[in-house]
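Letter by letter, the chains look like this.
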Amino acid sequence: MNHFELTGGELACEGVSLRRIAEDVGTPVYVYSTATLERHYQVLREALVGAGLGDPLIAYAVKANSNVAVLRTLGRLGAGADTVSEGEIRRALAAQIPADRILFSGVGKTAAEIAFALDAGVLEINIESEPELELVEKVARDKGVRADVALRVNPDVKAGAHDKISTGKADSKFGVALQDVGRLYARAANSAGLNPVGLACHIGSQISDLASMEEAARKMRGLVEGLRAEGLSVERLDLGGGLGVPYFNQPEPPSPAEYAARIAAVVGDLGVQLAFEPGRMIAANAGVLVAKVLYVIARPDGRRFVVLDAAMNDLLRPAMYDAFHDIRPVRPREGEALAYDVVGPICETGDTFARDRRLPPLEAGDLVAFMTAGAYGATMSSEYNSRPLTPEVLVNGDRWAVVRARPSYEDMLSRESSPDWL
Ligand SMILES: *Cc1c(COP(=O)(O)O)cnc(C)c1O
C-alpha cells in the first residue's frame, strides 16, 4: 500500500499534487511519501514483534534510499541503519540515528572506514572475509579497543529476482564460506582486538520466495548451534534484507506477516537478538520519479516513442536490471490506451524505460510518474551526459519540502579544474 492516489483527476502524494511539486521544483524530480515510509516500517515491526521475535533491530539498508530526511523519518520510529560505506555511516549519524543502531556491512571496507566506524561506536561490523577480519583486528588493536563483530556468512542459497542482485550463492563475492565459519569465529573470540557477537547473512534482493529465506535461516540456526556447542557465545543473528515489493508485473511478494511467521518457526526459540536489514520493502513504494513528456514521435511503421526529460542517469533500474516500473500519467487523458516506447534523452539505446507499454494518450508537456521508484532510484543516479542530479522532495500530509536541491550547472562544473599545463 502506498499514498499515491488520483485526487480530483490528478495523481497526488498524500495531500500534495505531483503537478504542484513539478511546477515548483521542475522535472525530473523524486517525490517521497512520509506516510508510506512510516507504514512500511511499522508493518514490518508489528509483524516481527507479533510473531514473537522479541525486540528485533530493524536496520534500514541505507543504500536503498540514503536521503538524510528519509533516514531521519525512519530513525525517529526507532529504525537502525545498515551501512556499506563511511559515507552511509555519516549519513545515518547526520540523521541522528544512534551509533548503537548502526551496522557496518560490505565486502570492501578500507582501514580508514573501519577506523571511522570504531571511533563512531557502531553496534557491529559485519565481517565478510578472513583478510577483512585481520584488518579489523589490526585497526582495533592499534586503537586499543575490541571491535564488536559479526561474521557475514554466505549460506549458499540462491535467491533474488535478478543475477545482479543475488548475493547468497557460494560463488558470489559476499560472506564467509559455511565451512570457514567455525574457525574464523573461534579466531575472533581468541583475539584481543575482536569480540564476536553473532552471525549475519543477506541472500539477495527482490525475493518473492520464502523458501529460500527459510533455508538460509535454517542454515544460520545450524551454525549458531554449532558455535555454541564449541562453547562460543552467539548473541545476535542478523538475517539481512531482501523482501520483494510488487512492481505490478510480478507475483505479489510475501507479506511481512508471512515472512515473520516463517522466520519465527525456524529461529524464534534460539535465544538471540534478531536483526533485519530491509531496504527495498521500506522505501520502494514510498517514492515516485516525476518526469515531463518532451516529445511524442510517431514513426511511419506505427511505433510511438515518448521522449521524457528523465533518463537512465536518473533511474537506472530498467537499463541495469531490465526492471519494470509502472508508469502513470499525472493527469490521465481521456481516450483509448496506446502502445508507447518510453525513452529518455541519453545517447544509448539502453536509455529505454519501457517498450510497447499501453498508456492513456500522452502529449508533449504531460507529466508522468514512475511508480515504486523510492528504492535504488535516486541512490543509483549519476550525472551521465552531464545531467545534474535529480532533486528529491519529501511529502508529509499537506506539507512538502525539497530535501535535496537540484544542483546548478555551476555546482556541477565547480568540482572540476584544468591542470596548469592547459
Ligand atoms: C542491499 C542490502 C540490503 C537490503 O536489501 P533489500 O533488498 O533492499 O532489502 C541489506 N543488507 C545488505 C548487506 C545489503 O547489501
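What you see is a predicted model, and the numbers here were worked out from it, not measured in a lab.

## Observations concerning a nonpolar patch on the surface
A cluster of nonpolar side chains, namely Leu294, Tyr295 and Ile297, defines an oily patch on the protein surface of about 280 Å² accessible area. Along the chain, the position of Ile297 falls in strand S14 (residues 287-298).

## As for the packing of helix H2 (residues 34-50) against helix H3 (residues 68-75)
At a minimum axis separation of 10 Å, H2 and H3 run at an interaxial angle of 45°. Judged by the inter-axis angle, H2 sits oblique to H3. H2 and H3 meet at a crossing whose hand is right-handed. On H3, the residues that touch Thr34, Leu37, Glu38 and Tyr41 of H2 are Val70, Thr73 and Leu74.

## Quick notes on the sheet that holds strand S3 (residues 16-17)
A sheet is described by the order of its strands in space; here three strands give the open sequence S1-S2-S3, paired in antiparallel fashion. With partners counted over all chains shown, the strands left at the sheet margins are strand S1 (4-7) and S3, one partner each. With four bridges connecting them, S1 and strand S2 (residues 10-13) associate as antiparallel partners. Counted as the bridge partner of Glu5 is Ala12 from S2.

## Side note on the packing of helix H8 (residues 210-229) against helix H9 (residues 256-267)
One way to put it is that H8 packs onto H9 with a least axis distance of 9 Å and a crossing angle of 25°. As summarised for this structure, H8 and H9 are arranged roughly parallel, according to the angle between their axes. The element H8 and its partner H9 pack so that their crossing is right-handed. Contact with H8, carried on its side by Leu210, Ala211, Met213, Glu214, Ala217, Arg218 and Arg221, involves Glu258, Tyr259, Arg262, Ile263, Val266 and Val267 of H9 and no other residues of that element. Here the residues of the contact of H8 with H9 sort into eight nonpolar, no polar and five charged.

## Regarding the domain arrangement of the protein chain
Split into domains, the protein chain comes out as domain 1 (4-32 + 284-414) and domain 2 (34-281). Here the C-alpha centre of domain 2 lies 32 Å away from the C-alpha centre of domain 1. Opposite the 25 residues of domain 1 that make contact, domain 2 presents 23 residues. With both chains or domains summed, domain 1 and domain 2 bury close to 2,100 Å², and 57% of this area falls on carbon and sulfur atoms. When the area that domain 1 buries against domain 2 is broken down by residue, the three leading residues are Tyr321, Phe324 and Tyr376, summing to 28%. Where domain 1 meets domain 2, there are zero salt bridges. Joining domain 1 to domain 2, the criterion identifies 11 residue pairs in polar contact (both at pLDDT 80 or more). Ranked by the residues each element gives to the side of domain 1 that touches domain 2, the list is headed by strand S20 (residues 392-396), at four residues.

## Here's the deal with the pattern of salt bridges
Using the criterion set out here, one finds 30 salt bridges in the structure. The shortest N-O distance in the salt bridge between Asp356 and Arg303 comes to 3.4 Å. Pair noted here: Asp356 is in strand S18 (residues 352-359) and Arg303 is in the loop between S14 and strand S15 (304-308), with a separation of 53 residues, a long-range link. On the basis of relative accessible area, Asp356 is assigned to the partly exposed category, the value being 48%. Close ionic contact of Arg404 with Glu392 constitutes a salt bridge, the shortest N to O distance being 3.3 Å. With Arg404 in strand S21 (residues 399-404) and Glu392 in strand S20, the pair connects residues that are 12 residues apart, well separated along the chain. The exposure class assigned to Arg404 is partly exposed, which follows from its relative accessible area of 25%. You can call Glu392 buried: its relative accessible area is 4%. The network of salt bridges with shared partners includes Glu130, Glu134, Glu137, Asp180, Arg183 and Arg187.

Cut-off values and rules
- Residues numbered from 1 in each chain as written.
- Predicted model: local features only at pLDDT ≥ 70, side-chain atom pairs only at ≥ 80, totals over all residues.
- Heavy atoms only, no water.
- Patch = residues over 30% accessible without salt bridge, like charges linked within 9 Å, V, L, I, M, F, W, Y side chains within 5 Å.
- Areas by Shrake-Rupley, 256 points an atom, 1.4 Å probe, with all protein chains shown as cover.
- Salt bridge = Lys/Arg side-chain N within 4 Å of Asp/Glu carboxyl O.
- Helix = DSSP H or I, 4+ residues; strand = E, 2+ residues; numbered from the N terminus.
- Axes fitted to C-alpha atoms, helices over the stretch in contact; angles between N-to-C directions.
- Parallel < 35°, antiparallel > 145°, perpendicular 65-115°, else oblique.
- Left-handed = near helix turned anticlockwise from the far one by under 90°.
- Contact = heavy atoms within 4.5 Å.
- Pairing = 2+ DSSP bridges.
- Nonpolar A, V, L, I, M, F, W, Y, C, P; charged D, E, K, R; others polar.
- Domains from an automatic or database assignment.
- Buried area = accessible area lost by both parts, 1.4 Å probe.
- Polar contact = N/O pair within 3.5 Å; in protein donor to acceptor, adjacent residues only side chain to side chain.
- Buried < 20%, exposed > 50% of the residue type's maximum accessible area, 1.4 Å probe, protein only.

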